Amino acid sequence: MRIGVFGGSFDPVHHGHLIAAVCLTEALELDQVRLVVARSQPFKEGRHRAGPEDRGRMVELAIEGFEGMMVDRQELCRPEPSYTVDTLRALHREYPGDELVLLLGTDAARQLDRWHQPDEIRALARLEVFRRDGDPAPAQSSVVVPRMEISSTEIRERIASGRSIRYWVPDAVAEYIARHRLYRDEP
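We now turn to the structure provided with this report. (Residues numbered from 1 in each chain as written. Predicted model: local features only at pLDDT ≥ 70, side-chain atom pairs only at ≥ 80, totals over all residues. Heavy atoms only, no water.)

## Some words on helix α7 (residues 171–179)
Side chains that are three or four residues apart share a direction in an α-helix, a result of its 3.6 residues per turn. Rules: Relative accessibility decides the category of a residue: with a 1.4 Å probe and only protein chains considered, values under 20% of the type maximum give buried, values over 50% give exposed, and everything between is partly exposed. Runs of E in the DSSP output that reach at least two residues are strands. Runs of H or I that reach at least four are helices, and both are numbered from the N terminus. In this description, one arc is meant: the one made by directions from the helix axis to the C-beta atoms. By definition in these notes, contact holds between two residues if any of their heavy atoms fall within 4.5 Å.
Those residues of α7 that sit buried are Val173, Ala174, Tyr176 and Ile177. Buried residues of α7, seen end-on, are gathered within an arc of 160° and therefore sit on one face of the element. Turned more than 90 degrees off the buried face of α7, the exposed positions are Glu175 and Arg179. Structurally, α7 contributes buried residues whose contacts are with α2 (52–63) and α6 (152–160). Taken from the residues just after α7, Arg181 is the one with a positive phi, measuring 55°.

And the structure:
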């Protein structure tokens, strides 16, 4: 089995994340994509706006009914910070004969050498770097995903200023955000 590992804060998850996951699943012929919700990313410590459980639940709602995608909550159960290498080790133990494919956008790939134990990350998983349509093609990039001018930061700002996020996130995610009054106090 070929398992894609797509990590992030997902604060909140939006259509750009989901479209990238679908494109990567198809292009790389992945059997499964695990959306790994980071408890606390080392490069974003203290900057997450929604709590880890809320972010995990929003991803769960966003992919509900999409065969082959699943939320991976293991980083939510570990102490901070969230290290990709720990997640890959755990997945390697859980799926010993399967191929792990770490899915990285070009920005994340450029920073990989600053991550915790990057050489072991490379040993545990095949790296697949994707780029957005229109971006320059780095040598290691093999998949192009549609450019979506959507960011979690902009979504949070829209909520804080009372503007609509309809069509920016799946309806179930928008309803969850409203019901739990998330991101209302975005600076």
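## Things to note about the pattern of salt bridges
For side chains bearing opposite charge, pairing can occur when the charged atoms are close. The condition is simple: Salt bridges are defined as contacts in which a side-chain nitrogen from Lys or Arg sits within 4 Å of a carboxyl oxygen from Asp or Glu.
Counted by the stated rule, this structure contains 16 salt bridges. Across the pair Glu60 and Arg73 runs a salt bridge, and its minimum N-O distance is 3.4 Å. Here Glu60, found in helix α2, pairs with Arg73, found in the loop between β3 (69–72) and α3 (84–94); they are 13 residues apart in sequence, far enough to count as distant. Take Arg73: its relative accessible area is 25%, and that puts it in the partly exposed class. Linking Arg78 and Glu75 is a salt bridge whose minimum nitrogen-to-oxygen distance equals 3.9 Å. One continuous salt-bridge network, built from bridges that share partners, spans Arg2, Glu99, Arg126 and Glu128.

## Description of the packing of aromatic side chains
For the record, the criterion: Any two of the Phe, Tyr and Trp rings considered here, Trp counted by its six-membered ring, make a pair once their centres fall within 6.5 Å; the pair's planes then place it as stacked at under 30 degrees, edge-to-face at over 60, or tilted in between.
Within the structure shown, the criterion is met by two aromatic pairs. Between Phe6 and Phe10, the aromatic rings sit 6.1 Å apart at their centres with planes inclined by 85°, giving edge-to-face as the arrangement. Of the residues examined, Phe6 reaches a relative accessible area of 7% and is grouped as buried. Given the relative accessible area of 3%, Phe10 is considered buried. One aromatic cluster in this structure is built from Phe6, Phe10 and Phe130.

## What to know about the environment of Glu120
Looking at the element boundaries, Glu120 is found in helix α5 (residues 118–124). Here Glu120 falls in the partly exposed class, since its relative accessible area comes to 29%. Sequence separation of Glu120 and Asp86 is 34 residues, and the distance between their C-alpha atoms is 9.8 Å. In this view, Glu120 contacts Val85 and Arg89; residues no more than four positions away in its chain are not counted.

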